[in-house]
Amino acid sequence: MWYNGLLDLSVLQLVLVVLGMTHVTIISVTLYLHRHSAHNSLDLHPVLSHFFRFWLWLTTSIITKEWTAIHRKHHATCETEDDPHSPMIKGIRKVVFEGAELYAEAATPETLERFGQRTPQDWVERNVYTKHNNLGILLLAIINLALFGVNGIWIWAVQMMWIPVWAAGVVNGIGHYFGYRNFECADNARNIVPWAIFIGGEELHNNHHTYPNSSKLSRRWYEVDIGWGYIRMFQLFGLAKPKGYRPIAHSVPGKQALDVETVQAIANNRFDIMRQYRKRVMEPVLLQQRSLMEDEIKPRYRKLRKLLSREVSLIPETDRLHLDSVLEINPVLRQIYDKSHELQAIWRRRGVKPQEKLQALMDWCKDAEASGIRYLEDFATHLKSYSLRPA
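Bear in mind the structure is a predicted one, so any value in this text is a computation, not a measurement.

Cut-offs and rules
Residues numbered from 1 in each chain as written. Predicted model: local features only at pLDDT ≥ 70, side-chain atom pairs only at ≥ 80, totals over all residues. Heavy atoms only, no water. Helix = DSSP H or I, 4+ residues; strand = E, 2+ residues; numbered from the N terminus. Buried < 20%, exposed > 50% of the residue type's maximum accessible area, 1.4 Å probe, protein only. Contact = heavy atoms within 4.5 Å. Arc of directions from axis to C-beta. Polar contact = N/O pair within 3.5 Å; in protein donor to acceptor, adjacent residues only side chain to side chain. Salt bridge = Lys/Arg side-chain N within 4 Å of Asp/Glu carboxyl O. Core = buried A, V, L, I, M, F, W, Y, C linked by side-chain atoms within 4.5 Å.

Draft legend 1. A look at the overall build of the chain. The secondary structure content of the chain amounts to 19 helices and six strands. For the chain, the spread of C-alpha atoms along the principal axes amounts to about 80 × 50 × 40 Å. Across the 391 residues that make up the chain, the buried fraction comes to 50%. In the chain, the proportion of contacts linking residues at least 24 apart, taken out of those at least 6 apart, comes to 68%.

Draft legend 2. How the structure looks around helix H13 (residues 260-268). For H13, every residue scored as buried is listed here: Thr262, Val263, Ala265 and Ile266. For H13, the angular spread of buried residues about the axis comes to 165°, placing them on one side. Residues of H13 that are buried sit in contact with strand S5 (249-251), helix H14 (270-290), helix H17 (331-348), helix H18 (354-369), helix H19 (374-384) and strand S6 (386-388). Capping the start of H13 is the job of one residue whose side-chain oxygen sits 3.2 Å from the backbone nitrogen of glutamate 261: aspartate 259.

Draft legend 3. Summary view of the pattern of salt bridges. All chains considered together, the criterion is met by 18 salt bridges. A salt bridge links lysine 339 to glutamate 342, with the shortest nitrogen-to-oxygen separation between them at 3.1 Å. A residue pair is termed a helical-turn pair when its members lie 3 or 4 positions apart in one helix, as lysine 339 and glutamate 342 do in helix H17 at three residues. Glutamate 342 sits in the partly exposed class, given a relative accessible area of 38%. Of the charged contacts in the structure, one is a salt bridge between glutamate 369 and lysine 384, with a shortest N-O distance of 2.7 Å.

Draft legend 4. Local environment of unusual backbone geometry. One non-glycine residue, serine 61, lies in the positive phi region at around 65°. Within the secondary structure, serine 61 is located in the loop between helix H2 (46-59) and helix H3 (64-76). Assessed through its relative accessible area of 17%, serine 61 is described here as buried. Backbone geometry at glutamate 79 places phi at a positive 65°, although glycine is not the residue there. On the secondary structure map, glutamate 79 appears in the loop between H3 and helix H4 (87-90). For glutamate 79, a relative accessible area of 15% corresponds to the buried category.

Draft legend 5. Here's a closer look at the nonpolar core. In this structure, Ile273, Tyr277, Leu333, Leu343, Leu361 and Trp364 are the most contacted members of the largest nonpolar core, which totals 37 residues. Listing elements by their share of this core, those giving two or more residues are H13, H14, helix H15 (301-309), helix H16 (317-329), H17, H18 and H19. The element best represented in this core is H14, accounting for seven residues. Filtering out sequence-adjacent residues up to four positions away, tyrosine 277 remains in contact with Met282, Ile336, Lys339, Ser340, Trp364, Leu376 and Phe379. With 35 residues, the next largest nonpolar core counts Leu33, Ala38, Tyr103 and Ala240 among its residues.

If you want it as structure tokens, here you go:
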């Protein structure tokens, strides 16, 4: 019938079409806007890059420079008053339900000037995609009505809400509020789920904030980044070139001599090193000490386990007091806690010569080996095995 449009599709076919089109939109955001434009972790062939630009103009009215600038500012000012969309500052409800409005508020001339560098400035960007950014979604409405008839109205509505809800609301809101953390980065970013398929890989938000310049967002064997799958597929056809997705550090079996390359390797792989410290030192020592804890502390064992490895700036004051009270009465836990921060201080030092950092690491390992704590001694031996991965 005429009111079903030119394609005259069934309900099931319409649903599949909508899911397919919104999936293309998600992939356009994660590959083109996020990994390619904002972080330069992915090179895209001009044909593929322009397709993504056109599709985003048609389905979202997003302007590349605005999205890129706001996202870069988010990383530069994360979890502060200047963060455009931090749920820790603005509240989870506001970010989830008003994510698009927060983007619009953040797109100031100052933000675009400071964070919007190296974005497209060609004729079509200036005269079509930026100048007439809302023309695309109007054209999409006409196309939907022609192809799908009256069903084109709800299809268009779904397309309009897809990115504001999933990208602006879920990733920026829930991705900084709920979920698990592989790495203790300096902000509250979290992985929503390990199977990052529905939002193109953006579900692995903690991994991304830890390694923002990596084009691959999965880090554990059980994590799935569907965006990475598309990158590999496009790479086969010469349409994409990923950058910075492999850590340059690796462990060399039998290596027992510290050198400058060891310092460089663990500094580059520092977040994973601290994750290993948590698994190899903190958790087994805490398990040993659990039987020695006072009865009122034992029920809070799980929370203490998290606090020992938590980024200090993210620990609430009440939890900080609880942690300090436990460390005060348990010298073993105090020792492994202090050693973790001493290790982090080695690569956080600025303006220090490589040889000085090497000496600091040697001193750290010497103290660890003399600590009398077996797990700490073993970890010092493990650190010595690190080197730079051959080119």
